[in-house]
Amino acid sequence: MSKILVTGGTGYIGSHTVVELMEEGFEVVIIDNLSNSELEVLDGITAITGKEPHFEKVDLRDRELVIKVFEKHPDIQSIIHFAAFKAVGESVDKPLAYYENNLLSLIHLLEAMKQFKIAHLVFSSSCTVYGEPDSLPVDESAPIKKANSPYGNTKQICEEILQDTLESSPELGVISLRYFNPIGAHPSSKIGELPIGVPNNLVPFVTQTAAGIRERLNVFGDNYNTPDGSAVRDYINVVDLARAHIVAIRRLLANKQKTAFEVFNLGTGKGYSVLEIIHAFEKATGQKINFKVVDRREGDVEQVYADTAYANRELGWKAEKGIEETLLSAWNWEKNTRSKKNRS
Ligand code: NAD
Ligand code: WQD
């Protein structure tokens, strides 16, 4: 069975994808520097799959160490590249750290792919590249707007680096997956999202409020031009998202790409407002959320949700899990990890 390199494989989306890959019989090598994840994630992966992935604690900014991983595993066939810094606000304060990490990591991988003749890469992109879309739902042909954060800009530049590299390397195939808002956890509650410090994202903040770690959830704005005034997003279950990566890898391995660089939106196609998420969480879990409407958060878009027709048709993949099931999985994971560290 093929050996797949998963960078960022102990992170949130990476760990769920590693589980799906291993359950499909792929052999997995993880590279992660644990800058935003913990080694114990490997225990969760092993508990679910009954097998241990190979793990290399390597920083992708270190070219020599990256090369060593490929020398150690010369049979790597394909790469899924999750590793990146991803906090929008932090990227505004530390733009150079974001450009260095997110761009250099990709460049080192592409260099290694050339040297070790690896032809397939799946790249983690984001709906953030669409900015405030002109029309909804957003399909893959929607214009790329000027990024409203250095983080968003790294995703745009990475996609450009990939396209430029493909121009001179016809043997390569790349699939860029633009995620909408991934949420939830594995149904076993053995892996999930582990935000360090105060969460930026809505759902971890909701679960930590329900758990009593946060006193109150701030709802950022209720005067948007949406049905209830709060902002609308396309929340996708992380296991559904993980499964799309297996489909993408199989598409590359089978040479089924239509063009060398393919882009797919990964969402559900349905938008939920912040207030709808709170109410769905309360319904699914029986927990009350203490919340208050406050000012809008700077840089937030009003609404964005995916047109999933192309991904559904071309990949034969569809997000399947409903919002309540997904929010319940996030809550079960929160309960399971409540006593863990880094929760202040
Ligand atoms: P995460 O922070 O949980 O996982 C990323 C992993 O990469 C972490 O384990 C971190 O330690 C590792 N890492 C970072 N820099 C590294 C480096 N230089 N060398 C080695 N390892 C490194 O993030 P996630 O939510 O799982 O996101 C995965 C990918 O998906 C990222 O590229 C992110 O930008 C993208 N994405 C995430 C979301 C989201 O909302 N979570 C949405 C769209 C796109
Ligand atoms: C969702 C909604 C908030 C927290 C971010 C990145 C994006 C992508 C996904 C990586 C918004 C509201 C939030 C809170 C709130 N990541 N909210 N109170 O901003 O849609 O997307 O993650 O690529 O690039 O920007 O996700 O979860 O932060 O917010 O009211 O305490 O919840 O205003 O409307 P966002 P989010």
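Quick look at the structure, then. (Residues numbered from 1 in each chain as written. Chains lettered and ligands numbered in written order. Predicted model: local features only at pLDDT ≥ 70, side-chain atom pairs only at ≥ 80, totals over all residues. Heavy atoms only, no water.)

1. Remarks on the site of ligand 2
Taken together, 18 residues lie near ligand 2, and Ser126, Tyr151, Asn218, Arg233 and Asp300 sit nearest. Asn218 is positioned such that a nitrogen or oxygen atom in its backbone is 2.7 Å from a nitrogen atom of ligand 2. For ligand 2, an oxygen atom lies 2.5 Å from a polar atom in the side chain of Asp300. The element best represented in the shell around ligand 2 is strand β8 (residues 217-220), accounting for four residues. Split into classes, the residues belonging to the shell around ligand 2 amount to nine nonpolar, six polar and three charged. (Near = heavy atom within 4 Å. Polar contact = N/O pair within 3.5 Å; in protein donor to acceptor, adjacent residues only side chain to side chain. Helix = DSSP H or I, 4+ residues; strand = E, 2+ residues; numbered from the N terminus. Nonpolar A, V, L, I, M, F, W, Y, C, P; charged D, E, K, R; others polar.)

2. Let's talk about the pattern of salt bridges
In the structure shown here, the tally under the stated rule is 17 salt bridges. Across the pair Arg243 and Glu20 runs a salt bridge, and its minimum N-O distance is 3.3 Å. Pair noted here: Arg243 is in helix α8 (residues 238-253) and Glu20 is in helix α1 (residues 12-23), with a separation of 223 residues, a long-range link. For Glu90, the salt bridge is made with Lys94, and the minimal N-O distance between the two is 3.6 Å. For Lys94, a relative accessible area of 45% gives the class partly exposed. Residues joined by salt bridges that share partners form a network here, namely Arg251, Lys258, Glu262 and Glu314. (Salt bridge = Lys/Arg side-chain N within 4 Å of Asp/Glu carboxyl O. Buried < 20%, exposed > 50% of the residue type's maximum accessible area, 1.4 Å probe, protein only.)

3. Observations regarding helix α11 (residues 323-337)
Between its first and last C-alpha atoms α11 spans 21 Å; for 15 residues at 1.5 Å apiece the expected length is 21 Å, and the two agree. Those residues of α11 that are buried lie in contact with β7 (181-183), α7 (202-210), β10 (235-237), β12 (272-273) and α9 (274-285). (Expected span 1.5 Å × (residues − 1). Contact = heavy atoms within 4.5 Å.)

4. Quick look at the environment of Thr308
By secondary structure assignment, the location of Thr308 is in the loop between β13 (291-294) and α10 (309-315). Thr308 sits 188 residues away from His120 along the chain, and the two C-alpha atoms are 23 Å apart. The contacts of Thr308, once residues within four sequence positions are left out, are Gly267, Thr268 and Gly269.

5. Digging into α7
Most of α7 is tucked away, with nine of its nine residues classed as buried. Taken together, the buried positions of α7 are Leu202, Val203, Pro204, Phe205, Val206, Thr207, Gln208, Thr209 and Ala210. Summarising the contacts, the buried residues of α7 are in contact with β7, β8, β10, α9 and α11. Note on α7: the residue one or two positions beyond its end, Gly212, has a positive phi of about 85 degrees.

6. Examining the site of ligand 1
Taken together, 29 residues sit near ligand 1, with Asp32, Asn36, Ser37, Asn101 and Tyr151 positioned nearest. Phe82 is positioned such that a nitrogen or oxygen atom in its backbone is 2.7 Å from an oxygen atom of ligand 1. Taken by itself ligand 1 offers 810 Å² of open surface, and the protein chains cover 95% of this. Looking at the shell around ligand 1, the elements with two or more residues in it are α1, α5 (95-115), β5 (120-126) and α6 (150-168). Residues that form the shell around ligand 1 fall into these classes: 12 nonpolar, 12 polar and five charged. (Areas by Shrake-Rupley, 256 points an atom, 1.4 Å probe, with all protein chains shown as cover.)

7. Brief notes about the sheet that holds strand β1 (residues 3-7)
Spatial ordering of the open sheet is given by β3-β2-β1-β4-β5-β6-β11, a layout of seven strands whose pairing is parallel. This sheet does not close on itself; its edge strands, each paired only once, are β3 (54-57) and β11 (261-266). The mean inter-strand angle of the sheet, taken between neighbouring strand axes irrespective of direction, is 20 degrees. As judged from the four bridges shared by strand β4 (residues 76-81) and β5, these two strands associate in the parallel manner. In the sheet register, Ser78 faces β5, and the bridge partner there is His120. Relative to the sheet, α5 contacts β1, β4 and β5, its axis offset from that of β4 by approximately 165 degrees. (Pairing = 2+ DSSP bridges. Axes fitted to C-alpha atoms, helices over the stretch in contact; angles between N-to-C directions.)

8. Quick word on the nonpolar core
Ranked by size, the top nonpolar core spans 37 residues in total, and within it Leu21, Ile45, Leu177 and Trp317 carry the most contacts. Those elements giving two or more residues to this core turn out to be β1, α1, β2 (27-32), α2 (41-49), β6 (173-179), α8, β11 and α10. Ignoring sequence-local partners within four residues, the contact set of Ile45 consists of Gly9, Ser15, Val18, Val19, Met22, Ile30, Gly50, Lys51, Pro53 and Ile191. (Core = buried A, V, L, I, M, F, W, Y, C linked by side-chain atoms within 4.5 Å.)

9. Considering the environment of Val18
Along the chain, Val18 falls in helix α1. In this structure Val18 comes out as buried when scored by relative accessible area, which is 0%. Here the alpha-carbon distance between Val18 and Gly8, two residues 10 residues apart in the chain, equals 10.0 Å.

10. Describing the packing of α1 against α2
It is the contact of α1 with α2, at a shortest axis distance of 10 Å, that shows an interaxial angle of 30 degrees. With respect to each other, α1 and α2 are oriented roughly parallel. With respect to the hand of their crossing, α1 and α2 are arranged in right-handed fashion. Here Ser15, Val18, Val19, Met22 and Glu23 of α1 come into contact with α2, specifically with Val41, Ile45, Ile48 and Thr49. Within the contact of α1 with α2, the residues separate by chemical class into six nonpolar, two polar and one charged. (Parallel < 35°, antiparallel > 145°, perpendicular 65-115°, else oblique. Left-handed = near helix turned anticlockwise from the far one by under 90°.)

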